[in-house]
Amino acid sequence: WYDAYGESKYNDRLGLLYLAAYLEQNHIQVEIIDALWDNLSLKELGKLILQSKPDLVGVSCYAGTRFYDFNVIRMVKKVNPKIITVLGGPQAAPTAEDILSHIPEVDFIVLGEGELTLLELCRNLEGGKGVYLTQGTAYFKDGRYVQNPDRPFIENLDTLPFPGRHLHPKYKTLDPSRMFYVDTPVGNYKERFSSVHVMASRGCPYNCSFCSTTQFWRLKTRFRSVQNVVKELESLNDLYGITAFNF
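Residues numbered from 1 in each chain as written. Predicted model: local features only at pLDDT ≥ 70, side-chain atom pairs only at ≥ 80, totals over all residues. Heavy atoms only, no water.

J.: Before we go on, may I ask you to explain the pairing of strand E4 (residues 137-141) in this structure?
T.: Within a regular beta strand, the side chains point alternately toward one face of the sheet and then the other, so they alternate between its two faces. Where strand E3 (residues 108-110) and E4 come together, two bridges link them in antiparallel fashion. Residue pairing for E4: Val110 is matched across the bridge by Thr137. Where E4 hands over to strand E5 (residues 144-147), the hairpin turn is made up of two residues, of which Asp142 adopts a positive phi near 55°. (Pairing = 2+ DSSP bridges. Helix = DSSP H or I, 4+ residues; strand = E, 2+ residues; numbered from the N terminus.)

Structure, rendered in structure tokens:
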């Protein structure tokens, strides 16, 4: 029930859900495929890609899943070499040059926070503009590594839409046997509650040598307002009946 990164397959992929919601809010057609959730093999995933006919495929890359993620990118290019492939996440950004030099099937790597960068990349692609000028990306061109200027972080996290949970298969069924549970003390016993993950802040002020957060968030911490977080909790309760939350 756990992926190679050590996370339960029932955890919410908040980064992915935020990106999908932001693109959808800006009128970009988006679809989420969670291969871990649906127990998809690479062959089955390839069939879905072939059916969907996307212009762009983005893959979240973590240290423990990076080799599988690379194989997904390779598979996408085999299905259709014209699909733009994008890699992002805590493993991709700090090792962008190494990945691009060894995995030529990766077209772009998003460096750091992805909402604004991915939207600009999609709009440039859609409008036939210079995709290679997209701020906050890295790529190989003419055998040379190119890294565009970093994109400033989103200062006001309240401007982001709530994660696009409605796009994920988990929230289309809410199967009790496939939810993430927490055991909460109630009096002299513990009660189990189905729980979802909520992001109240981004970044970390500490500089741990073993953690990619230092490079990814550059020691900058930002917080959502209490009102904005509470509004999301109320929405989760109204829409899905969720009463327990992990931050």
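J.: When you look at the packing of aromatic side chains in this model, what are you seeing that I'm missing?
T.: When we look at a pair of aromatic rings, we describe it by the centre distance and by the angle of the planes. Inspection of the entire model under this criterion finds eight aromatic pairs. Taking the centre distance of 6.1 Å and the plane angle of 55° together, the rings of Phe140 and Tyr145 count as tilted. In this structure Phe140 comes out as partly exposed when scored by relative accessible area, which is 32%. Ring plane angle 85° and centroid distance 4.8 Å describe the contact between Phe216 and Trp217, whose orientation is recorded as edge-to-face. With respect to class, Phe216 is no different from Trp217; both count as buried. Ring pairing ties together the aromatic residues Phe108, Tyr132 and Tyr139, which thus form one cluster. The positively charged end of Lys141 is found above the aromatic ring belonging to Tyr132, 4.5 Å away from the centroid. When the ring centre of Tyr18 is taken as reference, the NZ or CZ atom of Arg202 above it lies at 5.1 Å. (Phe/Tyr/Trp six-rings, centres within 6.5 Å; stacked < 30°, edge-to-face > 60°. Buried < 20%, exposed > 50% of the residue type's maximum accessible area, 1.4 Å probe, protein only. Lys NZ or Arg CZ within 6 Å of the ring centre and 35° of its normal.)

J.: Can you help me understand the packing of helix H1 (residues 14-25) against helix H5 (residues 115-126) in this one?
T.: For any two helices packed against each other, one specifies the crossing angle of their axes together with the interaxial distance. The geometry of H1 relative to H5 is characterised by a closest axis approach of 9 Å and an angle of 45° between their N-to-C directions. Put simply, H1 runs oblique to H5. Two packed elements cross with a definite hand, and for H1 against H5 that hand is right-handed. Contacts between H1 and H5 involve Tyr18, Leu19, Tyr22 and Leu23 from the first element and Glu115, Leu116, Leu118, Leu119 and Cys122 from the second. Classifying every residue of the contact of H1 with H5 by side-chain character gives eight nonpolar, no polar and one charged. (Axes fitted to C-alpha atoms, helices over the stretch in contact; angles between N-to-C directions. Parallel < 35°, antiparallel > 145°, perpendicular 65-115°, else oblique. Left-handed = near helix turned anticlockwise from the far one by under 90°. Contact = heavy atoms within 4.5 Å. Nonpolar A, V, L, I, M, F, W, Y, C, P; charged D, E, K, R; others polar.)

J.: I keep staring at the sheet that holds strand E1 (residues 56-60) and nothing clicks. Help me out?
T.: Across a sheet, paired strands are connected by hydrogen bonds in the backbone, their directions being either parallel or antiparallel. In space, the five strands of this open sheet follow the order E1-E2-E3-E4-E5, with mixed pairing throughout. Both edges of this open sheet fall to E1 and E5, since each of them pairs with a single strand only. Here the strands of the sheet are splayed against their neighbours by 25° on average, with no regard to which way each runs.

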